[in-house]
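Structural overview
Chain by chain, the residues:
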Amino acid sequence: MSLFFVLLKRCERWSKVLEVETRVGGTEAENAGRQQKAKVNDCERERNFVGMVGLFVGVFVAERLAGSVKSVSAERVRSGLYGQAGNKGAVAVSFKIEETSICAISLHLESGQHGKKAQERLEQLREILQGVRHEKAKYDVMVLGGDFNFRAAFPEVGQIPKVLSEGWANPAGVASSERRVGEGSYQTSEEVMRLFREYDEVTAGRSRQELQEILKEFSLVEGPVRFPPTYRLLEGQSSYDLERQPAWCDRVLHSRVSVVRKSYCALGHLNHTDHRPVCVMLELLLLALPRPAESPTRTPPSTSPSPLPEPPAASPQAGAGPFGLGPVSPVTTSEASVTPATVTAPTLPQDLLDFEDPPHVPSSPKTPMQTPQTLQTGQLVLAKFQTGWYLANVLRYDGITADVAWLRPPGTVWGNKEEMQRYLCSTGADETLHGEKLHIATHVRLPELPKGTSALAHPPYPSTSPADVKIRDLKSTAAQKIFQDKLAAPLIEAIGEYFELPPKTVVVDDAFIVRYATDSQRGLSFHRDGSIVSSIVTLSDENDYVGGGTEFLDGSVYRPSQGGGILFGGQRLHGGVEIERGARYICTIFFKCGGLSCRDLAVKKDKEEEGDPGIWGALANIMGVGQ
Ligand SMILES: O=C(O)CCC(=O)C(=O)O
Ligand SMILES: [Fe+2]
């Protein structure tokens, strides 16, 4: 773990909890833990200064990132009773890691079940978000968590608490110290999830629409709630205190973009108060720019110890700072709890940057560049932007022109000026830019690659085991026709419907018959496809294999029966679950479509689905096999 946020209310009561948590293994966690303990001991002072009834944001940064932290700033946003009472609201800490701006917010919203309380809470949430994010402070990544005080309108308490209490139980054999319940971990019972869907104030209630609008406006998302209510439990136990209706009060929201959520769960074993804490694990995409060589404040990684981190940004003036909402007094960063304490070389770990293998970056750009004869989707090229050539992936190619996406630099090249110059972001241009209809003759070149290296950034599609059969290589025209009529055509129609893409522009980019067996390829690790939309259709009878299926990050596994299949945005992370017995045959089909706008549309649609079932509708039996 490289960044660790602690968001608390009534933080003095949680110091014990944090001490427990600091014992989790691993050097980094231990380091974070030590700093964390030191900070929590300061909590009282913090709380008094901020005047927010113990709201606390602690940000702990792995040592190796410390030198990359800059522009640290902290502020509070009061809400409730016209911002005067000061017992509800939020505190926020923002900072940059290289060029990625991050803001962590700890909030506490209005309590109460009746009248307009639900409405007031959402107004406060909006107020907090507007206070934290405005023109001058548009963060790449936001994480906000705390006691949202969302209620559950259970009709009567009756038997419900028993079901809910049982929702914390783990399957046999899991140590109680590991009692995490939720996405990416042990999931609570179907019954508890049903209660959440039916009674949670925002999921089931009238305010759902309004929350959706807020999330959309601020580009935020909440993971699926697959844990029991986190309030109000008896201390030291997993049963509910029936003086209150149990409710899913404690929640975490995070940015949609640049973030992949790995888990969203509640920690049942941290039972020191009447709430149970909730945590999310996120993978962030960070951006770095090359440093000027003459900069005296940086040294290349591993040659010598690096200097102290940049001093935090000056405190904003009251009411006019980056969080300027009303007449609040600023909190200086030394009073806030962001302390990149120790400093090492600013090398950034690959795992923090991107989970895909980085493309090979040729180190010598001096040899003359070759014009490509032909291109493939997914191929690594140099594409011209203004007067320079930068690494890019081919998204579309029609023989004369190509669409490309310029690449972001992988962490391994940060700090290396020469290598960084091969990335578009080194010019200060928007690194998410796409190049449309670039003429091959004038705007695309082949990068110089070491012998034996493929120019494909990743194999275009992961199904490249020798056992896989490419549909295009099938000699039989009858087989080609079956594929076209039974699979490609109906799927293209379905894609038009589900993804709202014009079916005429959707085409099969590639397709494979894949065989998984215990004596050869058993499964496929998590990856993204190079496609805009992918489909996986089951060819085997379900009695022919045990295990297998397509797995997504939220833990869902799809195993459609023979002739059935799934459709999903190719950018969604997924993998093939290993089979345990027999052989599983599937047909994987990768679709692309006309313009770049298609990709944006598909990605957008796909993101909108996140947190729901998390996948494009399973296509039950698309070929009608077995009917
Ligand atoms: O085995 C599966 O279901 C996943 C296959 C897959 O993702 C692929 O071939 O790209
Ligand atoms: Fe795939």
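Residues numbered from 1 in each chain as written. Chains lettered and ligands numbered in written order. Predicted model: local features only at pLDDT ≥ 70, side-chain atom pairs only at ≥ 80, totals over all residues. Heavy atoms only, no water.

Overview of the overall build of the protein
Counted only if it meets this: In this text, helices come from DSSP runs of H or I with a minimum length of four residues, and strands from runs of E with a minimum of two, each type numbered from the N-terminal end. Exposed residues in this analysis have more than 50% of their type's maximum accessible area, buried residues have under 20%, and partly exposed residues fall in between, with area computed by a 1.4 Å probe over protein chains only. Pairs of residues are marked as contacts when any of their non-hydrogen atoms sit within 4.5 Å. To be clear on the numbers: accessible area is Shrake-Rupley with a 1.4 Å probe, and residue cover counts the displayed protein chains and nothing else.
Within the protein, the regular secondary structure consists of 11 helices and 27 strands. Put simply, the protein has 627 residues, and 51% of those count as buried. Relative to all contacts within the protein whose residues are 6 or more apart in sequence, the contacts with residues 24 or more apart total 76%. Here the protein has roughly 28,200 Å² of accessible surface; of this, 52% comes from carbon and sulfur atoms.

A closer look at the packing of helix H4 (residues 117-132) against helix H7 (residues 208-217)
Stated formally: Axis definition: a line fitted to C-alpha atoms, over the contacting stretch in the case of helices. Angles run 0 to 180 degrees between N-to-C directions. Orientation labels follow simple angle bins: below 35 degrees gives roughly parallel, above 145 gives roughly antiparallel, 65 to 115 gives roughly perpendicular, and whatever is left gives oblique.
Packing of H4 against H7 leaves a shortest axis separation of 10 Å and a crossing angle of 5 degrees. Judged by the angle between their axes, H4 and H7 are roughly parallel. Together, Gln119, Leu122, Leu125, Arg126, Leu129 and Gln130 of H4 and Glu210, Leu211, Glu213, Ile214 and Glu217 of H7 make up the contact between the two elements.

Quick look at the sheet that holds strand E15 (residues 401-406)
Strand pairing in a sheet relies on backbone hydrogen bonds. The paired strands run either parallel or antiparallel. Put simply, the rule reads: Two strands qualify as a pair provided DSSP detects at least 2 bridges between them.
In spatial order, the strands read E16-E15-E14-E13-E17; together these 5 strands make up an open sheet with antiparallel pairing. The strands lining the two open edges of the sheet, one partner per strand, are strand E16 (434-439) and strand E17 (444-445). Bridge analysis of E15 against E16 gives 4 bridges, and the strand direction is antiparallel. By the bridge assignment for E16, alanine 405 is matched with histidine 434.

Topic: the pairing of strand E5 (residues 100-108)
A regular strand places its side chains so that they alternate between the two faces of the sheet. Most of E5 is tucked away, with 9 of its 9 residues classed as buried. Side chains Thr100, Ile102, Ala104, Ser106 and His108 of E5 all project onto a buried face; the interleaved residues Ser101, Cys103, Ile105 and Leu107 project onto the opposite face, where all are buried too. Taking the residues that link successive antiparallel strands as the turn, the strand E4 (residues 88-97)-E5 hairpin has 2 residues, and the phi of glutamate 98 there is positive, at about 50 degrees. Bridge count for E5 against strand E6 (residues 141-147) is 7 bridges, and the pairing is parallel. Bridged to cysteine 103 within E6 is methionine 142.

Structural notes on the packing of aromatic side chains
Rule in force here: Whether two aromatic rings pair depends on their centres lying within 6.5 Å, for rings of Phe, Tyr and Trp, where Trp uses its six-membered ring; planes under 30 degrees apart make the pair stacked, over 60 edge-to-face, and the rest tilted.
Inspection of the entire model under this criterion finds 9 aromatic pairs. The interplanar angle of 50 degrees and the centroid separation of 6.2 Å between the aromatic rings of phenylalanine 4 and phenylalanine 60 together place this pair among those described as tilted. You can see phenylalanine 4 sitting in strand E1 (residues 3-8) and its partner phenylalanine 60 sitting in strand E2 (residues 56-61), a full 56 residues away along the chain. Using a relative accessible area of 25% as the deciding quantity, one classes phenylalanine 4 as partly exposed. Residue phenylalanine 60 is classed as buried on the basis of its relative accessible area, which comes to 4%. When the centroid spacing of 6.1 Å and the interplanar angle of 55 degrees are considered together, the rings of phenylalanine 154 and tryptophan 248 count as tilted.

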